[in-house]
Amino acid sequence: MLSDGRWYYRPHAAQRRTDQHRPRPKTGKIGQNPELRDFVQDHLTRRWSPEQICHALRRRFPDPPEMHVVHETIYQALYVQGRGELKRELTRALRTGRAMRRPHRQAASRRQRFPHPMVMISDRPAEVADRAVPGHWEGDLIIGSNNRSAIATLVERSTRYLMLVHLPRGHSAAAVRTALVETVQTLPPHLMRSLTWDQGTEIAYHHHFTVTSDIPVYFCDPASPWQRCSNENSNGLLRQ
(Lines give C-alpha, C1' and ligand atoms only; values in the text may rest on other atoms or scores of the structure.)
Protein backbone atom coordinates (compact mmCIF):
# COMPACT_ATOMS: atom_id res chain seq x y z
CA MET A 1 0.00 0.00 0.00
CA LEU A 2 1.26 3.48 -0.85
CA SER A 3 1.37 6.35 1.67
CA ASP A 4 -1.77 7.87 0.16
CA GLY A 5 -3.76 4.70 0.81
CA ARG A 6 -3.75 3.35 -2.73
CA TRP A 7 -3.00 -0.33 -3.45
CA TYR A 8 -0.51 -1.45 -6.04
CA TYR A 9 0.37 -4.82 -7.46
CA ARG A 10 3.69 -6.49 -6.54
CA PRO A 11 4.09 -9.36 -9.02
CA HIS A 12 7.09 -11.04 -7.35
CA ALA A 13 5.40 -11.09 -3.96
CA ALA A 14 2.20 -12.43 -5.52
CA GLN A 15 4.11 -15.22 -7.26
CA ARG A 16 5.89 -16.10 -4.02
CA ARG A 17 2.58 -16.39 -2.16
CA THR A 18 1.16 -18.54 -4.97
CA ASP A 19 4.15 -20.88 -4.81
CA GLN A 20 3.83 -21.19 -1.05
CA HIS A 21 0.17 -22.19 -1.26
CA ARG A 22 0.53 -24.49 -4.23
CA PRO A 23 -0.28 -28.10 -3.22
CA ARG A 24 2.72 -30.39 -3.32
CA PRO A 25 2.52 -33.54 -5.47
CA LYS A 26 0.73 -36.20 -3.50
CA THR A 27 2.22 -39.66 -3.18
CA GLY A 28 0.25 -42.00 -5.39
CA LYS A 29 -1.06 -45.45 -4.69
CA ILE A 30 2.16 -47.20 -5.69
CA GLY A 31 4.30 -44.99 -3.49
CA GLN A 32 2.07 -45.59 -0.48
CA ASN A 33 2.29 -49.38 -0.67
CA PRO A 34 5.80 -50.91 -0.49
CA GLU A 35 4.56 -54.40 -1.44
CA LEU A 36 2.79 -53.04 -4.51
CA ARG A 37 5.80 -50.90 -5.46
CA ASP A 38 8.22 -53.84 -5.17
CA PHE A 39 5.94 -56.08 -7.27
CA VAL A 40 5.66 -53.46 -10.03
CA GLN A 41 9.38 -52.69 -10.05
CA ASP A 42 10.34 -56.35 -10.10
CA HIS A 43 8.14 -57.09 -13.10
CA LEU A 44 9.25 -53.97 -14.94
CA THR A 45 12.83 -55.17 -14.66
CA ARG A 46 11.63 -58.41 -16.29
CA ARG A 47 10.38 -56.22 -19.18
CA TRP A 48 6.72 -56.82 -18.47
CA SER A 49 4.43 -54.13 -19.81
CA PRO A 50 2.27 -52.10 -17.37
CA GLU A 51 -0.81 -53.81 -18.84
CA GLN A 52 0.64 -57.26 -18.12
CA ILE A 53 1.58 -56.21 -14.58
CA CYS A 54 -1.97 -55.00 -13.85
CA HIS A 55 -3.43 -58.35 -14.89
CA ALA A 56 -0.79 -60.23 -12.89
CA LEU A 57 -1.64 -58.21 -9.77
CA ARG A 58 -5.30 -59.16 -10.00
CA ARG A 59 -4.40 -62.84 -10.39
CA ARG A 60 -1.86 -62.83 -7.55
CA PHE A 61 -3.93 -60.64 -5.20
CA PRO A 62 -7.59 -61.19 -6.16
CA ASP A 63 -9.14 -59.64 -3.02
CA PRO A 64 -7.24 -56.64 -1.57
CA PRO A 65 -8.12 -53.56 -3.68
CA GLU A 66 -5.00 -51.77 -2.46
CA MET A 67 -2.99 -54.18 -4.64
CA HIS A 68 -4.95 -53.33 -7.80
CA VAL A 69 -3.95 -50.53 -10.17
CA VAL A 70 -4.61 -49.65 -13.78
CA HIS A 71 -1.76 -49.38 -16.27
CA GLU A 72 -2.00 -45.58 -16.42
CA THR A 73 -1.16 -45.47 -12.69
CA ILE A 74 2.13 -47.25 -13.44
CA TYR A 75 2.92 -44.89 -16.31
CA GLN A 76 2.21 -41.89 -14.07
CA ALA A 77 4.47 -43.30 -11.35
CA LEU A 78 7.27 -43.64 -13.90
CA TYR A 79 6.94 -40.39 -15.80
CA VAL A 80 5.46 -37.76 -13.47
CA GLN A 81 8.24 -35.72 -11.90
CA GLY A 82 8.24 -35.15 -8.14
CA ARG A 83 6.46 -38.32 -7.08
CA GLY A 84 9.44 -40.62 -6.76
CA GLU A 85 7.22 -43.69 -6.68
CA LEU A 86 9.22 -45.80 -9.14
CA LYS A 87 12.82 -45.66 -10.20
CA ARG A 88 13.07 -43.44 -13.27
CA GLU A 89 15.60 -45.73 -14.93
CA LEU A 90 12.88 -48.37 -15.19
CA THR A 91 11.50 -46.44 -18.17
CA ARG A 92 14.30 -48.08 -20.16
CA ALA A 93 12.69 -51.46 -19.44
CA LEU A 94 9.50 -50.43 -21.23
CA ARG A 95 9.16 -51.62 -24.80
CA THR A 96 9.30 -48.03 -26.02
CA GLY A 97 12.47 -47.37 -24.00
CA ARG A 98 11.56 -43.67 -23.76
CA ALA A 99 12.82 -41.59 -20.87
CA MET A 100 10.14 -39.00 -21.67
CA ARG A 101 6.54 -39.68 -22.51
CA ARG A 102 5.36 -38.46 -25.89
CA PRO A 103 2.09 -36.55 -25.85
CA HIS A 104 -0.75 -37.62 -28.08
CA ARG A 105 -0.65 -35.13 -30.90
CA GLN A 106 -3.57 -33.96 -32.93
CA ALA A 107 -3.47 -34.99 -36.54
CA ALA A 108 -1.80 -32.37 -38.65
CA SER A 109 -3.22 -31.25 -41.94
CA ARG A 110 -3.25 -34.34 -44.09
CA ARG A 111 -1.73 -34.60 -47.53
CA GLN A 112 -2.56 -37.17 -50.16
CA ARG A 113 -0.07 -40.02 -49.78
CA PHE A 114 -1.51 -42.75 -51.98
CA PRO A 115 -3.03 -42.93 -55.47
CA HIS A 116 -6.48 -43.51 -53.97
CA PRO A 117 -7.85 -41.41 -51.07
CA MET A 118 -7.56 -42.78 -47.57
CA VAL A 119 -10.63 -43.39 -45.43
CA MET A 120 -9.66 -42.16 -41.98
CA ILE A 121 -10.34 -43.87 -38.67
CA SER A 122 -12.82 -41.14 -37.76
CA ASP A 123 -15.10 -42.56 -40.47
CA ARG A 124 -14.86 -46.11 -39.16
CA PRO A 125 -18.19 -47.66 -38.01
CA ALA A 126 -18.95 -47.36 -34.32
CA GLU A 127 -19.17 -51.14 -33.92
CA VAL A 128 -15.41 -51.37 -34.50
CA ALA A 129 -14.59 -49.24 -31.48
CA ASP A 130 -16.70 -51.16 -28.95
CA ARG A 131 -15.15 -54.53 -29.97
CA ALA A 132 -18.53 -56.25 -29.67
CA VAL A 133 -18.58 -57.66 -33.22
CA PRO A 134 -15.69 -59.89 -34.38
CA GLY A 135 -14.13 -59.48 -37.78
CA HIS A 136 -12.45 -56.09 -37.44
CA TRP A 137 -8.67 -56.31 -37.72
CA GLU A 138 -5.65 -54.12 -37.00
CA GLY A 139 -2.49 -54.57 -39.07
CA ASP A 140 1.12 -53.50 -39.28
CA LEU A 141 4.61 -54.65 -40.30
CA ILE A 142 7.44 -55.84 -38.11
CA ILE A 143 10.67 -55.02 -39.92
CA GLY A 144 13.76 -57.17 -39.49
CA SER A 145 17.35 -56.03 -39.09
CA ASN A 146 18.73 -53.74 -41.77
CA ASN A 147 15.27 -53.55 -43.31
CA ARG A 148 15.94 -56.82 -45.15
CA SER A 149 12.92 -58.81 -43.98
CA ALA A 150 9.49 -58.28 -42.51
CA ILE A 151 6.29 -59.99 -41.46
CA ALA A 152 2.81 -58.51 -41.39
CA THR A 153 0.70 -58.93 -38.27
CA LEU A 154 -3.10 -58.97 -38.14
CA VAL A 155 -4.90 -58.80 -34.77
CA GLU A 156 -8.66 -59.26 -34.47
CA ARG A 157 -9.95 -56.54 -32.14
CA SER A 158 -12.67 -58.52 -30.38
CA THR A 159 -10.83 -61.79 -29.63
CA ARG A 160 -7.20 -60.51 -29.93
CA TYR A 161 -6.60 -63.45 -32.28
CA LEU A 162 -3.24 -62.94 -34.03
CA MET A 163 -2.28 -63.94 -37.57
CA LEU A 164 1.28 -63.66 -38.91
CA VAL A 165 1.52 -62.96 -42.62
CA HIS A 166 4.59 -64.37 -44.36
CA LEU A 167 6.19 -62.00 -46.87
CA PRO A 168 8.56 -64.14 -48.93
CA ARG A 169 8.60 -61.65 -51.82
CA GLY A 170 9.63 -58.65 -49.74
CA HIS A 171 7.53 -55.94 -48.11
CA SER A 172 6.80 -53.60 -50.98
CA ALA A 173 3.25 -52.34 -51.38
CA ALA A 174 2.54 -54.93 -54.08
CA ALA A 175 3.97 -57.80 -52.02
CA VAL A 176 2.05 -56.77 -48.91
CA ARG A 177 -1.20 -56.44 -50.85
CA THR A 178 -0.81 -59.91 -52.36
CA ALA A 179 0.08 -61.54 -49.04
CA LEU A 180 -2.79 -59.86 -47.20
CA VAL A 181 -5.31 -60.92 -49.83
CA GLU A 182 -4.11 -64.51 -49.67
CA THR A 183 -4.33 -64.49 -45.87
CA VAL A 184 -7.76 -62.94 -45.42
CA GLN A 185 -9.24 -65.28 -48.03
CA THR A 186 -8.66 -68.12 -45.56
CA LEU A 187 -11.14 -66.50 -43.16
CA PRO A 188 -14.90 -67.13 -43.07
CA PRO A 189 -16.92 -64.21 -44.50
CA HIS A 190 -18.27 -63.04 -41.13
CA LEU A 191 -14.68 -62.43 -39.94
CA MET A 192 -13.81 -60.17 -42.88
CA ARG A 193 -15.34 -56.83 -41.87
CA SER A 194 -12.59 -54.18 -41.79
CA LEU A 195 -8.85 -53.53 -41.51
CA THR A 196 -7.20 -50.61 -39.69
CA TRP A 197 -3.63 -49.71 -40.62
CA ASP A 198 -1.22 -46.82 -40.17
CA GLN A 199 -0.09 -44.65 -43.07
CA GLY A 200 2.97 -46.69 -43.99
CA THR A 201 3.89 -46.95 -47.66
CA GLU A 202 3.49 -50.73 -47.55
CA ILE A 203 -0.30 -50.27 -47.65
CA ALA A 204 -0.28 -47.92 -50.63
CA TYR A 205 -2.32 -50.43 -52.66
CA HIS A 206 -5.14 -50.42 -50.12
CA HIS A 207 -7.72 -49.75 -52.83
CA HIS A 208 -6.70 -52.86 -54.77
CA PHE A 209 -6.81 -54.88 -51.55
CA THR A 210 -10.37 -53.69 -50.84
CA VAL A 211 -11.56 -54.39 -54.38
CA THR A 212 -10.15 -57.93 -54.23
CA SER A 213 -11.11 -58.87 -50.68
CA ASP A 214 -14.18 -56.64 -50.12
CA ILE A 215 -12.61 -55.49 -46.83
CA PRO A 216 -12.52 -51.70 -46.28
CA VAL A 217 -9.27 -50.22 -44.97
CA TYR A 218 -9.29 -47.41 -42.40
CA PHE A 219 -6.22 -45.31 -41.69
CA CYS A 220 -4.94 -44.07 -38.35
CA ASP A 221 -4.01 -40.45 -37.87
CA PRO A 222 -0.30 -39.64 -38.23
CA ALA A 223 1.87 -40.55 -35.22
CA SER A 224 -1.08 -42.16 -33.44
CA PRO A 225 -0.10 -45.79 -32.65
CA TRP A 226 -2.61 -45.94 -29.79
CA GLN A 227 -5.34 -46.04 -32.43
CA ARG A 228 -4.13 -49.60 -33.18
CA CYS A 229 -3.48 -50.50 -29.57
CA SER A 230 -4.19 -54.24 -29.89
CA ASN A 231 -1.78 -54.57 -32.78
CA GLU A 232 0.89 -52.41 -31.14
CA ASN A 233 0.77 -54.52 -28.00
CA SER A 234 0.98 -57.78 -29.94
CA ASN A 235 3.91 -56.50 -31.97
CA GLY A 236 5.69 -55.51 -28.78
CA LEU A 237 5.23 -59.01 -27.38
CA LEU A 238 6.53 -60.55 -30.60
CA ARG A 239 9.62 -58.35 -30.60
CA GLN A 240 10.23 -59.17 -26.95
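Keep in mind that this is a model prediction, so the values were computed, not measured. (Residues numbered from 1 in each chain as written. Predicted model: local features only at pLDDT ≥ 70, side-chain atom pairs only at ≥ 80, totals over all residues. Heavy atoms only, no water.)

Formed by 27 residues in total, the largest nonpolar core has its most connected members in Leu154, Leu167, Leu180, Leu195, Trp197 and Phe209. Where this core is concerned, the elements lending two or more residues are strand E1 (136–143), strand E2 (150–156), strand E3 (162–166), helix H7 (173–184), strand E4 (194–197) and strand E5 (217–219). Of all hydrophobic cores here, the second largest spans 18 residues; its members include Ala56, Phe61, Ile74 and Ala77. (Core = buried A, V, L, I, M, F, W, Y, C linked by side-chain atoms within 4.5 Å. Buried < 20%, exposed > 50% of the residue type's maximum accessible area, 1.4 Å probe, protein only. Helix = DSSP H or I, 4+ residues; strand = E, 2+ residues; numbered from the N terminus.)

Before going further, it helps to spend a moment on the state of the cysteines. Inspection of the entire model under this criterion finds zero disulfides. Cys229 provides the cysteine sulfur closest to Cys220, a residue in no disulfide bond, and the two sulfurs are 9.5 Å apart. Cys220 sits in the buried class, given a relative accessible area of 1%. (Disulfide = S-S within 2.5 Å.)

The next point concerns empty space enclosed by the protein. Under the criterion given, the structure shown has one cavity of 30 Å³ or more. Forming the walls of the largest cavity are Trp137, Leu154, Val184, Ser194, Leu195 and Ile215. Within the lining of the largest cavity, the residues separate by chemical class into five nonpolar, one polar and no charged. (1 Å grid on protein atoms, 1.4 Å probe; cavity = no way out; pocket = protein on both sides within 12 Å on 5 of 7 lines; lining within 4 Å. Points joined across faces, edges and corners; volume = space filled by probe spheres on them. Nonpolar A, V, L, I, M, F, W, Y, C, P; charged D, E, K, R; others polar.)

All right, on to the side chain of Ser234 then. Within the secondary structure, Ser234 sits in helix H9 (residues 229–239). Within polar-contact distance, the side chain of Ser234 engages the backbone oxygen of Ser230 at 3.1 Å. (Polar contact = N/O pair within 3.5 Å; in protein donor to acceptor, adjacent residues only side chain to side chain.)

This paragraph deals with the side chain of His68. Examined against the element boundaries, His68 turns out to sit in the loop between helix H4 (50–60) and helix H5 (71–79). Within the structure, the side chain of His68 is placed 3.3 Å from the side chain of Arg58, a separation counted as a polar contact. Here the side chain of His68 touches Phe61 through a polar contact of 2.5 Å, landing on its backbone oxygen.

Turning our eyes to something else, we now look at H5. Within H5, the full set of buried residues consists of Ile74, Tyr75, Ala77, Leu78 and Tyr79. Contacts from the buried residues of H5 go to helix H2 (29–32), helix H3 (34–45) and H4. (Contact = heavy atoms within 4.5 Å.)

Running from N to C, H7 and helix H8 (residues 206–213) cross one another at 25 degrees; their axes reach a closest spacing of 10 Å. One finds that H7 runs roughly parallel with respect to H8. Of the two elements, H7 crosses H8, and the hand of that crossing is right-handed. For the pair formed by H7 and H8, the contact residues are Arg177, Leu180, Val181 and Val184 on the first element and His208, Phe209, Thr212 and Ser213 on the second. Taken together, the residues that form the contact of H7 with H8 break down as four nonpolar, three polar and one charged. (Axes fitted to C-alpha atoms, helices over the stretch in contact; angles between N-to-C directions. Parallel < 35°, antiparallel > 145°, perpendicular 65-115°, else oblique. Left-handed = near helix turned anticlockwise from the far one by under 90°.)

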